[in-house]
Amino acid sequence: MTVADLDSRLGSAELTEWMALERITGPLGRRRQDIQAATIAATIANANRGKGGKKFLVSDFLLPYGAEQKGPEELLAKIRGINQSMGGEEHGPAGGRGEN
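Residues numbered from 1 in each chain as written. Predicted model: local features only at pLDDT ≥ 70, side-chain atom pairs only at ≥ 80, totals over all residues. Heavy atoms only, no water.

> Looking at this structure, I do not really get the overall build of the protein. What am I missing?
For the protein, the helix and strand inventory stands at four helices and zero strands. The burial tally for the protein puts 8% of its 100 residues in the buried class. At a minimum sequence separation of 6, the contacts of the protein that also span at least 24 residues come to 29%. As presented, the protein carries roughly 8,200 Å² of accessible surface, and 57% of it is formed by carbon and sulfur atoms. (Helix = DSSP H or I, 4+ residues; strand = E, 2+ residues; numbered from the N terminus. Buried < 20%, exposed > 50% of the residue type's maximum accessible area, 1.4 Å probe, protein only. Contact = heavy atoms within 4.5 Å. Areas by Shrake-Rupley, 256 points an atom, 1.4 Å probe, with all protein chains shown as cover.)

> Can you help me understand the side chain of asparagine 46 in this one?
Mapped onto the elements, asparagine 46 comes out in helix α3 (residues 30-47). There is a polar contact of 3.3 Å between the side chain of asparagine 46 and the side chain of arginine 49. In this structure, asparagine 46 is in contact with Lys54, Lys55 and Phe56, ignoring residues within four places of it in sequence. (Polar contact = N/O pair within 3.5 Å; in protein donor to acceptor, adjacent residues only side chain to side chain.)

> Please clarify how the environment of glutamine 36 should be interpreted in this entry.
Checked against the element boundaries, glutamine 36 lands in helix α3. Here glutamine 36 falls in the partly exposed class, since its relative accessible area comes to 45%. Residues glutamine 36 and leucine 62 lie 26 residues apart in sequence; the distance between their C-alpha atoms is 9.4 Å.

> In this structure, what is going on with the side chain of aspartate 34? I would like to understand it.
Topologically, aspartate 34 is positioned in helix α3. Under the relative-accessibility criterion, aspartate 34 is labelled buried at 16%. What aspartate 34 contacts, discounting residues up to four positions off in sequence, is Leu62, Leu63 and Tyr65.

Here it is as structure tokens:
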């Protein structure tokens, strides 16, 4: 659905109702799903962290919106950093380049 379609189908009263619902229940749609996934990821990371290891927060696993998009190399570096902070080891090819 395009913005024009939505604009022609959704009146200001209904839009206001959706805005009120979101204020009561929290984010709807994709952002809510990201929060749920980040909560699960943080729970798993904390359950598997070493004794005295850094406690992970949900915000550590949330995708930034509106921020500058990171390229694949930056994302891979972030993943490797999280893995290393949890005491993990990297096995197998990294990014298909045959690195270990």
